[in-house]
Amino acid sequence: MPHDTRNHGVTMSIRRMTLGAGYRYLMSSVARLDEVGPAAGLTAYYGAEGTPPGRFLGAGLAGLAKGAGIQPGTEVTEEALWRMLGMLQDPVTGEPLGQIPHATPATVIDRFGRTRKAPKTVAGFDLTFSAPKSVSVAWALADDATRARIYASHRRALEAVIEYGESQVFATRLGKGGVVQEDIRGVVATAFDHWDSRSGDPQLHTHVVVLNRVQAVSDGKWRTLDSKALFRAAVGMSELYNGILADRLTADLGWTWTPEQRRRSAEPKWEVAGVSAELRDHFSQRTTAIEAAKDDLVTTFTASHGREPTAREVIQLRQHATLTTREDKHLRPLRDLITDWRDRAETFIDQGPERWAASLTRDTAPTLRSANDIDDGILRDAAKVVLAKVADKRATFTRANLFAEALRELHGIRFATPADRTSVAGKTATYATELAVQLTPPDVGRVPDGLRRTDGTTKFVARDSEVFATQELLDAEARLLDAAAAEDAPVVPAATAFAITEQTLPGRTHHLSAEQAAAVNAAVTSGRRVDLLVGAAGTGKSTAMAGVRAAWEATHGPGSVVGLAPSAAAAEVLADAVGVPTENTAKWISEQDRLPEHKAKADGYAAQVARAYPSRGTRELEEQTVDAQAAYERWALRPGQLVIVDEASMAGTFDLDRIATAATEAGAKVLLVGDWAQLSPVQAGGAFKLLTHARPDAPALHDVRRFRHEWERDASLDLRAGQASVAATYAAQGRVESGTREDMVDLIFDGWKQDVKAGQTSLMVAADAETVRDLNARARAHRLAAGEVSDTCTRLGDGTAVGVGDVVVTRLNRRALVTGNGWVKNGDDWIVQSIDERSAMRVRRANGGAVAVLPPDYVAVNLELGYATTAHRAQGRTVDTAHAYITATTVREPLYVMVTRGRESNRLYVDTTFDPDAATGHGEHAQSDPIDILQAAITTSGADLSATETRRLEEAAATARWRLESQGAAAITAARSHPDRWL
C-alpha cells in the first residue's frame, strides 16, 4: 500500500524517481567551485552560493566502469547523474545496466477507452535523511568547528544505515514472478547535502539517491531493486538513523536527549536537551517564498477589486507568484543563511548563538554501551514489551515492524557503534518473533543450497516478510467465531418481531423499509450469541437499530437493550438514534473488570445492614447498600439483555471478545452493527470483517438512502467494493478537481465557504492531520476577516490561534467536565463563548444547548479548531456537502468514508503532486493522473485483516500453483548451475 511518512516523526522519507526526473533539481543547487576535494567539508561551501556536489556511495560502486569501480566519495558530475537517472546507464561508461528501458509513448489508451499519461520507468529512490529539528537548529547556531562535527555525525549515521540496508534490506528478484529474493553486492547511490527547508528554515538533510539497478550476488547481472523490501523496512531504517545520529552526537559532543510526547501519538520523539520547543517551532515554518508572494498578490488584488479573489483566481495568482519567485531565485551562501538564522534566534536564547550551542554539551563523560553490555535476559524482557506494543496496534505484523519498535524502545540507550545498536535491536526483534505465532507457512520440500541465504533461510521467502500474530489474538478470534456460530442466545419470537416491524417505530413518523424490517427480524430471532447487522454507508443502520430495540424490548422489557460504541462521541450518537443507555467500549470494559469490586462492596454493606439494629446510622448504611447495588447493576449484564455495538468495524478484537464473553456468561446476546468497508480501529482489529466473511447470510442493508442523486448511490457501493472504474464516474459527474496541494486546499476551502454561506452544513475532510490544520487555519482567517470571530485569542499547544466565535473540537474524554446531562468527550464540536485571562474557555455545544468550561491545561493540549476533520472523526457523520482531500497515499477505507458524508454532494480534490516530505521536497511537480490516483486508492485496502484470515491467505499464497511451479523451475536451474550443492 502507499507509504505516507508525514507527521509520524519519520526522518527518512522515500520518493520514487522516474526516468529523467529529479536530476535537474539535485544539480541545480550545487555550488560551482574550481577546486573542491572530498576532504574540503563544509568550509569550502561556507561562502559559496549553493551546496556541495553529490558524492558517490554504496558497495555497488565496485561493479561499475567494467569492474574498475568508482571510489566512494567521488564527486558526481551532471553527465554521470543523467546517465544514471535519465538512461539507467553506467555513470562512467554509459553502458546499459541491465535491461534497457522500453521507449514509452506519451499517452496510452486504458481499458475504459480513456487517453492517459503512460506510466514511467522508476529510475531510482530518493532516501532523504533529515536531522531532527533540534539537531538542525543547534547545527545552524553553532560555531564552525561544532557545525562540522554535527554534519559529520549526520553523514556517518546515514552511511551506516545504507550499509545496514545493503546487508539486510536491499535485494533483487529472480525467477518467474520474482519468486526468488536474491542478495545483492551493494547499491549504487549518490548523496547530495542540503542546508535548509523549502521555507528557508535550518534543515540539515541529505538526498541519498539509490539507483534502481543492482547486481545480484548469484550471477552478477544487473536487475531492479526489490522495492517492496525497501518500503517494508523504511520505518526501521528511519529509526536506526535517529538512534545512530544520537549515539554519534553524544559520543562526540556530549549531548543528552529528552523524550517529548507528541500530540495524538503515544510514541515520544527524542530531541536534544536544551533546544526549546519554542525555538524549534520558530524554525519549523511552512510558508514558502511562493506562498508569501502569492499572499502579497492577494492583498493587492483585494485592494484593487474591493473583494477577495475566488479560489480559481488565487490559483492564477499562485502561478504568477511561482514564475516571479523562480525568476528572482538565487542560491544563498551558507554564511548568509547562518547570519539570518542567528538573528531570528535572538528572541529565544539568552546568550550568543555560539555560546548557547556550546552549552548543550555536558561535562560528564557519556556512557556508551556495547552489545555485550546488555544481558540476554534484559533483551528477552524487552522483547515482551516490543511484542505487546506492536500487537496492540496490529492484528498481524512482520519482523520489520518488531525491529522498528525495538529501535524505538532502545532510543534512550547510547551505543558505542552502529553495529551494537543494530545487533541489540535485531536480537530483541528475533526474541519477539519467538513469542509470537508465525502465520506464513514454513519451508517445505528440498531447496538447493544456492537458494538459501548464509543464515539458512530460503530465498523463496523475502527477508523479514513472514507474518506473525499473537496466540492471544488468535484465541480471541476463535472465541468470537464460536460465539457467532452458537445459537443458544435469547431471542424475540418471530410473530412479535414481525408485528413490531410492521408498525411505526416509537418516536418516528415512518415505517421501516422492507429491507430494514427483514434485517431486524433476522437479527432478533436468530439465537446467535454474537450476531451481525452489516450496512453500507447511508443505508439506515440507525433506523434499523431503533427497530431492533423496539422488538427486543417488546419481549424482554424496558432496559433490556444496552448500547456500546468504540468512542464516547459515537456512543452519544447511538443514544440519540436508538434511545438506550450507551457507553464507550473502553469505559464499559473497565467497569466490567471492576464488577467483582462492586459486588463485594454491595454484599458487604448488605451484610452490615443484616446485623445492624434500627438507627440513624443503619438508615445511612441502607442508603449506601442501595447505591452500591445500583452501581453493580448498572454495569452487570443480566439474562435476556441485548448489547448493541455500533461502528463495530472500529472496535478492537480484544474489546469485542471481552464484550462477547461477558454477554455469554450472563446469558445475553451481542449485536455488532457496522460496515466492514469503513475504517479499522487504532488497536488490533479485523474481527468484524472476519465475522462477516464467516456469515454469508448475515442481516445486511444495501439500499443506500442518504444521497439525493441516484448515480451517487450506485457509485458509493462500487467504491465500497473496490471497483476501479467508478473513479471515472465521479470525474464524469464533475466531482473531481486536481492539481497541487496548495491549489486543492484553496478549492476545498472555497467550496466549503460557499456551501456554508448558502446555509448548508458542510465538512472539509482529509486523511492527514497537517492538511486538516491548514484548512482549519484558512477557515479561521476567513471568519476573522469577516468579523465572525474575535481577534483576541489564546494559543493552543500546536500554536493555533482560537478566539471567541470559533468552532473547536475537544480531543480527550474528561468526565469531570460536566455539560448539561453529559460530559466533555473526544470528538465533541463546540462554539467558543468566552476566554478568561488564564486561557480557560467557556464553550457551547455546536448544535446548541449545554455549555462547559474547559480549564487552561485542557485547552492547551486537547483542543483543536473544528472546521475541518480527519476521516476517522468524520465516520458516522452526515452533512449536506463534503469536500475531501485525496493524495497518492489515500487508501479505500478513508476514501469511502470521505465520499459518503454528504447528502447533496461529495467532491474529491486530488493532489497530483504529492510529496511525502514537503520541507525537503524537490520543488519539481511531476503531475500524476488524478484518475490513476483515485483508482489506486479504490483498489488498495488499508484495513486490518484478522490473524485468522491472514493465515488462510498466507497458506493459499504459499501453495498457489504458479508459485510452486516457479519455485520448482528456480530450484532446477540452481541445481543445474551448482550440481555439487544440491541437497
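Preceding this section is the structure that the text describes.
Described in the following lines is the structure provided in the data block. (Residues numbered from 1 in each chain as written. Predicted model: local features only at pLDDT ≥ 70, side-chain atom pairs only at ≥ 80, totals over all residues. Heavy atoms only, no water.)

Concerning the overall build of the chain
Across its full length, the chain holds 33 helices and 36 strands. For 983 residues, the compact-globule estimate of 2.2 N^0.38 gives 30 Å, and the C-alpha radius of gyration of the chain, at 31 Å, lies within 12% of that figure. Oriented by its inertia axes, the alpha-carbon framework of the chain measures out at about 100 × 80 × 70 Å. Evaluated residue by residue, the chain yields a buried proportion of 53% over its 983 residues. (Helix = DSSP H or I, 4+ residues; strand = E, 2+ residues; numbered from the N terminus. Rg over C-alpha atoms; globule rule 2.2 N^0.38 Å. Buried < 20%, exposed > 50% of the residue type's maximum accessible area, 1.4 Å probe, protein only.)

Observations regarding the sheet that holds strand β16 (residues 467-469)
As summarised here, the arrangement of the three strands in space is β14-β16-β15, forming an open sheet in which the pairing is antiparallel. With one partner strand each, in any of the chains shown, β14 (397-398) and β15 (437-438) form the two edges of the open sheet. Where β14 and β16 come together, two bridges link them in antiparallel fashion. Residue Phe397 lies in a different strand from β16, and its bridge partner there is Phe468. (Pairing = 2+ DSSP bridges.)

A few points about the pattern of salt bridges
Any two side chains of opposite charge can pair, on the condition that their charged atoms come close. Per the counting criterion, the structure on display carries 63 salt bridges. As a salt-bridge pair, Asp376 and Arg380 come within 3.3 Å of each other at their nearest N and O atoms. Pair noted here: Asp376 and Arg380 are both in helix α11 (residues 376-393), with a separation of four residues, about one helical turn. The class for Asp376 is partly exposed, based on a relative accessible area of 30%. A salt bridge links Arg479 to Asp657; the nearest nitrogen and oxygen atoms lie 2.8 Å apart. Placement of Arg479 in helix α14 (residues 471-485) and of Asp657 in helix α22 (residues 653-666) is noted, with a sequence separation of 178 residues between them. (Salt bridge = Lys/Arg side-chain N within 4 Å of Asp/Glu carboxyl O.)

Focus on the sheet that holds strand β36 (residues 902-911)
The strand order across the open sheet formed by five strands is β23-β36-β35-β24-β34, and the pairing between neighbours is parallel. Across the chains shown, the open sheet's two edge strands, defined by having one partner strand only, are β23 (736-739) and β34 (868-870). In this sheet, adjacent strand axes meet at a mean angle of 25 degrees when their direction is disregarded. Of the pairings in the sheet, the one linking strand β24 (residues 762-766) to β34 comprises three bridges and is parallel in character. The partner of Ala766 across the bridge, within β34, is Thr870. Of the strands in this sheet, β23, β24, β35 (879-886) and β36 touch helix α26 (residues 741-757), which is tilted by about 175 degrees from β35. Relative to the sheet, helix α31 (residues 930-939) contacts β23, β35 and β36, its axis offset from that of β36 by approximately 110 degrees. (Axes fitted to C-alpha atoms, helices over the stretch in contact; angles between N-to-C directions. Contact = heavy atoms within 4.5 Å.)

Some thoughts on the nonpolar core
Counting residues in hydrophobic clusters, the biggest one holds 82 residues, and the most contacted among them are Leu127, Val208, Met237, Trp255 and Trp341. Ranked by residues supplied to this core, first place goes to helix α5 (residues 227-253) with 12 residues. Filtering out sequence-adjacent residues up to four positions away, Met237 remains in contact with Met12, Leu127, Val161, Tyr164, Val169, Phe170 and Leu230. Membership of the second largest hydrophobic core comes to 35 residues, among which are Met744, Ile748, Val832 and Val843. (Core = buried A, V, L, I, M, F, W, Y, C linked by side-chain atoms within 4.5 Å.)

With respect to α26
Helix length check: α26, at 17 residues, gives a terminal C-alpha distance of 24 Å against a target of 24 Å (1.5 Å per residue), a fit within 8%. Most of α26 is tucked away: 13 of the 17 residues are buried. One or two residues past the end of α26 sits Gly759, with phi positive at roughly 85 degrees. (Expected span 1.5 Å × (residues − 1).)

Description of unusual backbone geometry
Positive phi is not limited to glycine here, since Ala65 has a value of about 55 degrees. On the secondary structure map, Ala65 appears in the loop between β2 (55-57) and α2 (78-87). The class for Ala65 is buried, based on a relative accessible area of 14%. Despite not being glycine, Leu88 shows a phi value in the positive range, around 55 degrees. With respect to the element layout, Leu88 can be found in the loop between α2 and β3 (107-109). With relative accessibility at 1%, the residue Leu88 sits in the buried group.

Some details on the packing of α11 against helix α13 (residues 418-435)
Relative to each other, α11 and α13 sit at 65 degrees, their axes nearing to 8 Å. In this structure, α11 meets α13 at a crossing whose hand is right-handed. Counting all contacts with α11, which are made through Asp376, Leu379, Arg380, Ala382, Ala383, Lys384, Val386 and Leu387, the residues of α13 involved are Val424, Lys427, Thr428, Tyr431, Ala432, Glu434 and Leu435. Looking at the contact of α11 with α13 residue by residue, the class counts come to nine nonpolar, one polar and five charged. (Left-handed = near helix turned anticlockwise from the far one by under 90°. Nonpolar A, V, L, I, M, F, W, Y, C, P; charged D, E, K, R; others polar.)

A word on a negative patch on the surface
Taken together, the side chains of Glu620, Glu622, Glu623 and Asp627 define an acidic patch exposed on the protein surface. Within the secondary structure, Asp627 sits in helix α21 (residues 616-635). (Patch = residues over 30% accessible without salt bridge, like charges linked within 9 Å, V, L, I, M, F, W, Y side chains within 5 Å. Areas by Shrake-Rupley, 256 points an atom, 1.4 Å probe, with all protein chains shown as cover. Lys, Arg positive; Asp, Glu negative; His and termini not counted. Charge placed at Lys NZ, Arg CZ, Asp CG, Glu CD.)

Some points on the environment of Glu78
Tracing the chain through its elements places Glu78 in helix α2. Looking at Glu78, the relative accessible area reads 42%, which means it is partly exposed. Glu78 sits 662 residues away from Thr740 along the chain, and the two C-alpha atoms are 28 Å apart.

What about the packing of aromatic side chains?
Across all of its chains, the model carries 10 aromatic pairs by this definition. With a centroid separation of 5.5 Å and 80 degrees between ring planes, the pair formed by Trp711 and Tyr730 is classed as edge-to-face. Here Trp711, found in helix α24 (residues 710-720), pairs with Tyr730, found in helix α25 (residues 726-732); they are 19 residues apart in sequence, far enough to count as distant. A cation sits over an aromatic face here: Arg380 above Tyr431, 3.8 Å from the ring centre. The ring of Tyr632 carries Lys599 above its face, with NZ or CZ at 5.6 Å from the centroid. (Phe/Tyr/Trp six-rings, centres within 6.5 Å; stacked < 30°, edge-to-face > 60°. Lys NZ or Arg CZ within 6 Å of the ring centre and 35° of its normal.)

Digging into the packing of helix α19 (residues 585-593) against helix α20 (residues 595-611)
Helix packing for two helices is described by the angle between their axes and how far apart those axes are. Direction vectors running N to C along α19 and α20 enclose 50 degrees, while the axes themselves pass 4 Å from each other. Considering their axes alone, α19 and α20 lie oblique with respect to each other. Listed contacts from α20 to Glu591, Gln592 and Asp593 of α19 are Leu595, Pro596 and His598. Here the residues of the contact of α19 with α20 are counted per class, giving two nonpolar, two polar and two charged. (Parallel < 35°, antiparallel > 145°, perpendicular 65-115°, else oblique.)

Overview of the side chain of Asp657
Under the relative-accessibility criterion, Asp657 is labelled buried at 8%. If sequence neighbours within four positions are ignored, Asp657 has contacts with Ala476, Arg479 and Leu480.

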